[in-house]
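Architecture at a glance
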Amino acid sequence: MKFKMQNTLKIIGVYPIIILFIFSSYFLYISYGEYNKAVLFENKLVSEKVLGALSQNVAKERGLSSTFIASNGHIAKEALMQQRLNVNKSIKHFYNYYKTQKTNTNIKHIIALLNQITKVRARVDSLKNINFNRIFFSYYSQINAYILKEVGSTRNIVTNSQIVSLSTSLVNLFNDIEYNGQERGFIAKIISQYVPFTDEDT
């Protein structure tokens, strides 16, 4: 009887410890998961800064390239050359950042497209047999399309409703800027085709 009593007391004494251990393990697991999400979210914010600068500069080069092509090289040549330098800086920053980061499908697509930029620029400069839609939409706009997809993926790693809301607003802002940039570039192309040139322009 005494032996059974001792066993019962041991079980009673150990049971709360087991329960405490289970709950502690659970909360540790949850905390670890939230910590990993916080670290991942912080990395995403840094990557969005890098991608945002690249997107903005690529969009500017796209617009100036469309004007240059449409005017047969009479307009925006110097501005285009300067903007290419800005894009080169953003590309260098992009490559330096992703040397130490994991690259997903979106980033790999961006890298593949950026690797073609020298050939694309050479074709723009030649002003010969240029497919405007391919340069404007299939190249420059495609880079930004993958950037927008990558920025949008931030919403998949956060659970805080306020952060999700802010992330959604940021993605919408990126989309608005990109669509407005496409409109400006296309309008610039149309206008440049019909603007009369003076001796100073040529």
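The paragraphs below set out a description of the structure included in this document. Just so it is clear, the model here is predicted, and its values are computed rather than measured.

Let us look at helix α2 (residues 77–98). Over its 22 residues, α2 extends 31 Å from the first C-alpha to the last, a length consistent with the 32 Å expected when each residue adds 1.5 Å. Residues Leu80, Gln83, Arg84, Val87, Ser90, Ile91, Phe94, Tyr97 and Tyr98 constitute the buried set of α2. One face of α2 carries all of its buried residues, which in axial projection span an arc of 140°. For α2, the exposed residues set more than 90 degrees away from the buried face come down to Glu78, Lys89 and Lys92.

In the contact formed by helix α4 (residues 117–126) and helix α5 (residues 132–152), the axes pass within 12 Å of each other and the chain directions differ by 160°. With respect to α5, the element α4 is oriented roughly antiparallel. Crossing of α4 against α5: the hand is left-handed. Contact residues: Ile117, Val120, Arg121, Arg123 and Val124 in α4; Ile135, Tyr139 and Tyr140 in α5. For the contact of α4 with α5, the per-class residue count stands at six nonpolar, no polar and two charged.

It is worth spelling out the nonpolar core at this point. One finds Leu54, Phe94, Ile110 and Ile143 to be the most contacted residues of the largest nonpolar core, which totals 26 residues. Ranked by residue count, the leading element in this core is α5, at seven residues. Contacts of Phe94, omitting those with residues within four sequence positions, involve Val50, Leu51, Leu54, Ile107, Ile110, Ile111 and Leu114.

Scoring rules and cut-offs
Each chain has its residues counted from 1, following the order in which its sequence is written. Local features in this predicted model are restricted to residues whose pLDDT is 70 or higher, and side-chain atom pairs enter the listing and the counts only when it is 80 or higher, whereas totals over whole chains, interfaces and linings include all residues. In computing side-chain properties, one takes all heavy atoms of the structure into account and sets aside hydrogens as well as water. By definition, any uninterrupted DSSP run of H or I lasting at least four residues is a helix, any uninterrupted run of E lasting at least two residues is a strand, and each is numbered from the N terminus. A helix is expected to span 1.5 Å for every residue after the first. Think of it in three bands: residues with accessible area under 20% of the maximum for their type are buried, residues over 50% are exposed, and the middle band is partly exposed, with areas taken using a 1.4 Å probe on protein chains only. Directions from the helix axis toward the C-beta atoms define the arc. Under this scheme, a helix contributes an axis fitted over its contacting stretch, all axes are lines through C-alpha atoms, and angles between N-to-C directions fall in the 0 to 180 degree range. Oblique is the label for any angle not under 35 degrees, not over 145, and not in the 65 to 115 range, which are roughly parallel, roughly antiparallel and roughly perpendicular in turn. Helix crossings fall into two classes, left-handed where the near helix is turned counterclockwise from the far one by less than a right angle and right-handed where it is turned clockwise. We call two residues in contact when some of their heavy atoms are within 4.5 Å. In the scheme used here, Gly and all other residues not listed as nonpolar or charged are polar, with Ala, Val, Leu, Ile, Met, Phe, Trp, Tyr, Cys and Pro taken as nonpolar and Asp, Glu, Lys and Arg as charged. Buried residues of nine kinds, namely Ala, Val, Leu, Ile, Met, Phe, Trp, Tyr and Cys, make up a nonpolar core once their side-chain atoms join them within 4.5 Å.

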